[in-house]
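# Structural overview
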Amino acid sequence: MKKPLIELKDVSFQYEYTQALKNISLRVNEGDFLALIGQNGSGKSTLLKLILGLLKPMSGEIKLFGEQASHFKHREWIGYVSQKSNAFNSGFPATVEEVVKSGLSQKVGLFKRYPKDADILVKSALKDVGMDKFLKRNIGQLSGGQQQRVFIARALVSDPKLLILDEPTVGIDRENVQAFYDMLAHLNKHHNMTMILVTHDVDTVSDRVSHVACLNQSIHFHGYKNDFDTISEEQIASWNGHSVRKIH
Ligand SMILES: Nc1ncnc2c1ncn2[C@@H]1O[C@H](COP(=O)(O)OP(=O)(O)OP(=O)(O)O)[C@@H](O)[C@H]1O
């Protein structure tokens, strides 16, 4: 049986006036490429914060890599690329190389030296995302999609086992979204990297993902992408509370 990296059992979370998540049970196994879909306000960020240990559930249980989340020590095993990473303006004074190298700081700790092979790690991470030609470029002079790739390289440089990407296709042209998914699928298959891609947009979910979970306060569907494809747009719309269009 595949190893579970994330297990949520009956997890609920409430902000002061809002019940954000209700009885969430979800399991992400090693090697999965999961698209977590939910409209604005459906609880995606709250769920990510619970997984990243930034919030504690009101009830239920969260296990990371088989350990209780509250005892989990290996945060560096989880790479996270936030939604706002690719929002640098052209004057931002850092090169691609510097941005990616800063991803090693979690591994080396404050004031310790970078590993001897840091430059090799940086180049290899940039190669994985197809950005090795841009090493010396200023980050602010790249397109939104290119910046997004650099931030994925920044997460990759510390060799995480699980990569969480929050709305990564926002800011990427529709014609480049497929190439972006191809790059993620390569990391998933050839580096055995488990992936969770969070999105509000059913349209952008590619056949490259293995699993889909639909969230709207609770989980309405969690299964293989092939099975998700057999579900009608009307059904998904009823979970989301608005109409959707699936593109194949
Ligand atoms: N800090 C907070 N305090 C109070 N309520 C909050 C807080 N953060 C989120 N909420 C509420 O909890 C619910 C879930 O919000 P959450 O940010 O998890 O959704 P989301 O799916 O990430 O949305 P989006 O796609 O817009 O980022 C929403 O109704 C939101 O208004």
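Described in the following lines is the structure provided in the data block. The structure displayed is predicted, hence computed values, not measured ones.

## So, the site of the ligand
Around the ligand, a shell composed of 13 residues is seen, among which Tyr15, Asn40, Lys44, Ser45 and Thr46 lie nearest. Here the shell around the ligand gets three residues from one element, more than from any other, and that element is helix 1 (residues 44-51). Grouping the constituent residues of the shell around the ligand by class yields two nonpolar, nine polar and two charged.

## A few points about the sheet that holds strand 8 (residues 194-199)
The six strands lie next to each other as 6-7-8-3-9-10, forming an open sheet whose pairing is mixed. The strands lining the two open edges of the sheet, one partner per strand, are strand 6 (78-81) and strand 10 (218-224). The average angle at which neighbouring strand axes cross in this sheet is 15 degrees, direction not considered. Bridge count for strand 9 (residues 211-216) against strand 10 is six bridges, and the pairing is antiparallel. When the sheet's bridge partners are listed, Cys214 is paired in strand 10 with Phe221.

## What to know about the pairing of strand 7 (residues 162-166)
The element strand 7 is largely enclosed, with a buried count of four among its five residues. Strand direction decides the pairing type here: strand 6 and strand 7, joined by four bridges, are parallel. Bridge pairing in strand 7 places Ile78 opposite Leu162. After leaving strand 7, the chain enters helix 6 (residues 174-190) and then returns to the sheet as strand 8, a path that is right-handed.

## A closer look at the sheet that holds strand 4 (residues 59-64)
Reading across from one edge, 2-1-4-5 is the order of the four strands in this open sheet, with antiparallel pairing throughout. The sheet is open, and its two edges are formed by strand 2 (19-29) and strand 5 (67-68), each paired on a single side. Note: strand 4 against strand 5, two bridges, orientation antiparallel. Pairing of Lys63 across the sheet is with Gln68, part of strand 5.

## Remarks on the environment of Lys123
By the element assignment, Lys123 lies in helix 4 (residues 118-128). In this structure Lys123 comes out as partly exposed when scored by C-beta crowding, with 17 C-beta atoms within 10 Å. Through-space distance from the C-alpha of Lys123 to that of Glu167 is 25 Å; in sequence the pair is 44 residues apart.

## Some details on the pairing of strand 8
The buried count for strand 8 comes to six of six residues, which makes it a mostly enclosed element. Burial along strand 8 is two-sided: the residues Thr194, Ile196 and Val198 and Met195, Leu197 and Thr199 are all buried. Summarising the sheet, strand 3 (residues 33-37) and strand 8 pair through five bridges and their orientation is parallel. Its bridge partner lying in strand 8, Ala35 is registered against Leu197. Looking at chain direction, strand 7 and strand 8 are connected through five bridges and run parallel.

The rules behind the values
Residues numbered from 1 in each chain as written. Predicted model: local features only at pLDDT ≥ 70, side-chain atom pairs only at ≥ 80, totals over all residues. Near = placed C-beta within 6 Å. Helix = DSSP H or I, 4+ residues; strand = E, 2+ residues; numbered from the N terminus. Nonpolar A, V, L, I, M, F, W, Y, C, P; charged D, E, K, R; others polar. Pairing = 2+ DSSP bridges. Axes fitted to C-alpha atoms, helices over the stretch in contact; angles between N-to-C directions. Buried ≥ 20, exposed ≤ 12 C-beta atoms within 10 Å, placed from the backbone. Right-handed = clockwise from strand over helix to strand, strands pointing away.

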